[in-house]
Amino acid sequence: MIERKDQRTEDTWDLSLLAEDGESWEKEMRKLRKAFRKAGSYKGTLLTSPDSLYNALVYLKETSMLSERVGNWAFLSYEADSMDKDVQRRLGTYQAAAASFSEAISYFSPELMAGDEKLIREWMKEPRFREFRIWMRKTLREKKHVLSESEERIMSLFSPVSGGAEKTFMDLNNIELEFDDVEGEKLTHGTYAKFLKNPDEKIRREAYSSYYKAYDAHKHTLSDLYAASINEDIFVSKARKFRSSLEAALFPDDIPESVYTSLISSVHEAFPTLHEYYRVKAKVIGKEKLRHWDCYIPMVPGIESHHSYDEAVGLISEAVKPLGEEYRSTLVKGLTEDRWVDRYENKGKRSGAFSAGSYAGNPYILTNFEDSVLDSVFTLIHEGGHSMHSWYSVRNNPYMCYDYSIFEAEVASTFNENLLSHYLLEHASSDEEAAYIIGKNLDDIVATLFRQTMFAEFELLIHRKAENEEPITLDVMRSEYGRLQREYFGDAMEFEDVSNLECLRIPHFYRAFYCYKYATGISASIALSERVLSGGDKERDDYISFLKSGGSRTPIKALRVAGVDMASPLPVKAAAEHFGQLLERFRSLRSV
């Protein structure tokens, strides 16, 4: 694997809109520290007059914008090369300063909450407060979960400790885990997916065994880290007077718990179709039963798929045309000449992919592109969906309410994947290629709807056990996860002794109750992409209006603007039905 310094400049993201270089960042960091020191000067003055409140809100906005820019540069630099000592130091420097600011500004919310809410709302009617109205409304909604000033100070003092389990997991996972070579080739997080799609079962088995051998060697440490993260979730939820860690996680987005639980129940109803999918997969690869290393092999093996990065961008350009020229041209320019993307794997770089939008700078994308894996094209258009969501949000909202929720974000990303699947299927040159694309679509829905719901169910089960004061041990984690694996995969799968160690390697588990958003997101995106593809200007404009809404509405309301109601279980049920229809179409093409 290459060193960071050996990456070509054009293959890396351009962070210059955040900071030109390390020296420039240090200057901005000093400026930020100076701004942070003014935090206490507004204490006791917030509600003395409309002018005082306005000045404090302007300070909060401007300081937060600077903090976001400085913090993003440090964070993105670290994610691209976590082995660089200067990068490590800068991120640590920023995090320490931000934690001190959090402590210094901890009086802000309690002071607002202690005031006359009717008076605050009256002041908010003044035109100058327009950019702060939505933020204030959301802030006042949190009133019953905001603590006293002294308690908020304690919570802010806890912030440097918060996330320690996640950071340790990420360092262990991305830097210190060592995998045996596979057939003389280096196994990494980035190449693991490629190995598991290899038609040679010996290579798949060898990659799987090497991968889980590393996790098995660290299983006690990993289980302790996850247990610590769960305990942190419970501490915060109790401290903030929520009934559970699930309620605490859903509260900021105003998502009813019924959305989470009905997702699980609706997916359970679709188990017969899911189990049939695995039986069909076993048949098409010529096996009586699948082994765990067989799950990711394409439904139609043998079709070569090689796309360079530039070729991938060309496909994406065609696929997103239904969203209009502004969307298409902006995304293509961002993926190429504007250098939104850090493209390829290097030592110390985070595995996987993400999009990191911000009010200043570009909506950056980290990926580990592999030209021999079609998934890399889907990953790029997925993250491009996030980035275009950010692009529209920034241009249509003030800073204090531009940031949309993850619940909405996973719609924008999987929507784009649906567009790519549709484009590829329309341009398939044979039944074999059509079956391959449908099989890929089936695999993706399994990964996003069914698999993420399994993760979500595991999170709920394990948090509830901890909340009921049951010890969360390695054996408990493995037992619960293994039971869910058997329920979701059905009788077409034969598991390995290490299969249930999968629960120890999922990064999103360190962001509690995050995974369900992928499943609800793809359910909404299936409905919306079909609406746009079969509709006209209105349907497209409704969807673009959703992207533009940013954080100005609650997620449920924003998605209603686009044309889908996620407070109802119907979109999830419809997504499962869509999956069943695809499976039947695949079976007819392959005669299985």
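The structure displayed is predicted, hence computed values, not measured ones. (Residues numbered from 1 in each chain as written. Predicted model: local features only at pLDDT ≥ 70, side-chain atom pairs only at ≥ 80, totals over all residues. Heavy atoms only, no water.)

S.K.: Mind laying out the packing of aromatic side chains, listing which residues take part and the relevant values?
M.R.: The full count for this structure, using the stated rule, is 46 aromatic pairs. Between F36 and F101, the aromatic rings sit 4.3 Å apart at their centres with planes inclined by 15 degrees, giving stacked as the arrangement. Placement of F36 in helix α1 (residues 22-36) and of F101 in helix α3 (residues 85-104) is noted, with a sequence separation of 65 residues between them. A residue is classified by how much of its surface remains accessible, and F36, at 8% relative accessible area, is buried. Pairing F407 with Y516 gives two aromatic rings, centres 6.0 Å apart and planes at 50 degrees, and the pair type is tilted. Residue F407 is located in helix α18 (residues 406-426), and its partner Y516 is located in helix α21 (residues 516-534); the two are separated by 109 residues in the primary sequence. A connected cluster of aromatic rings, assembled from ring pairs, spans F169, Y226, F455, F458, Y481, F509 and Y510. (Phe/Tyr/Trp six-rings, centres within 6.5 Å; stacked < 30°, edge-to-face > 60°. Helix = DSSP H or I, 4+ residues; strand = E, 2+ residues; numbered from the N terminus. Buried < 20%, exposed > 50% of the residue type's maximum accessible area, 1.4 Å probe, protein only.)

S.K.: Describe the environment of D565, and please don't skip the residues or the numbers.
M.R.: Turning to its location among the elements, D565 is positioned in the loop between α23 (555-562) and α24 (570-590). Given a relative accessible area of 32%, D565 falls into the partly exposed group. Taking C-alpha positions, D565 is 8.2 Å from A524, a pair spaced 41 residues apart along the chain. In this structure the side chain of D565 is engaged in a polar contact, spanning 3.2 Å, whose partner is the side chain of R560. (Polar contact = N/O pair within 3.5 Å; in protein donor to acceptor, adjacent residues only side chain to side chain.)

S.K.: Describe empty space enclosed by the protein, listing the residues and the values that go with them.
M.R.: Under the counting rule described, the total for this entry stands at 4 cavities of 30 Å³ or more. Each pocket or cavity is described by its volume, and for the largest cavity that value is around 70 Å³. In this structure, the largest cavity is lined by F378, T414, E417, N418, S421, N441, D444, I445, T448 and I522. Elements supplying a minimum of two residues to the lining of the largest cavity: α18 and α19 (431-467). A breakdown of the residues in the lining of the largest cavity according to their chemical character gives 3 nonpolar, 5 polar and 2 charged. The volume enclosed by the second largest cavity comes to roughly 50 Å³. Every residue lining the second largest cavity is listed: L274, Y278, V446, F450, R451, M454, Y488 and F489. At the level of secondary structure, the elements contributing two or more residues to the lining of the second largest cavity comprise α14 (271-284), α19 and α20 (474-489). With 4 residues, the single largest contributor to the lining of the second largest cavity is α19. (1 Å grid on protein atoms, 1.4 Å probe; cavity = no way out; pocket = protein on both sides within 12 Å on 5 of 7 lines; lining within 4 Å. Points joined across faces, edges and corners; volume = space filled by probe spheres on them. Nonpolar A, V, L, I, M, F, W, Y, C, P; charged D, E, K, R; others polar.)

S.K.: Go over the nonpolar core with me, naming the residues and quoting the values.
M.R.: Counting residues in hydrophobic clusters, the biggest one holds 136 residues, and the most contacted among them are L449 and Y543. For this core, the leading source of residues is α19, giving 16 residues. Every residue in contact with L449, bar those within four places of it in the chain, is listed here: L263, V267, A519, I522, S523, V572, A575 and A576. In this structure, Y42, V70, Y78 and Y364 belong to the second largest nonpolar core, which totals 51 residues. (Core = buried A, V, L, I, M, F, W, Y, C linked by side-chain atoms within 4.5 Å. Contact = heavy atoms within 4.5 Å.)

Note that all results are geometric; they support no functional claim without further evidence.
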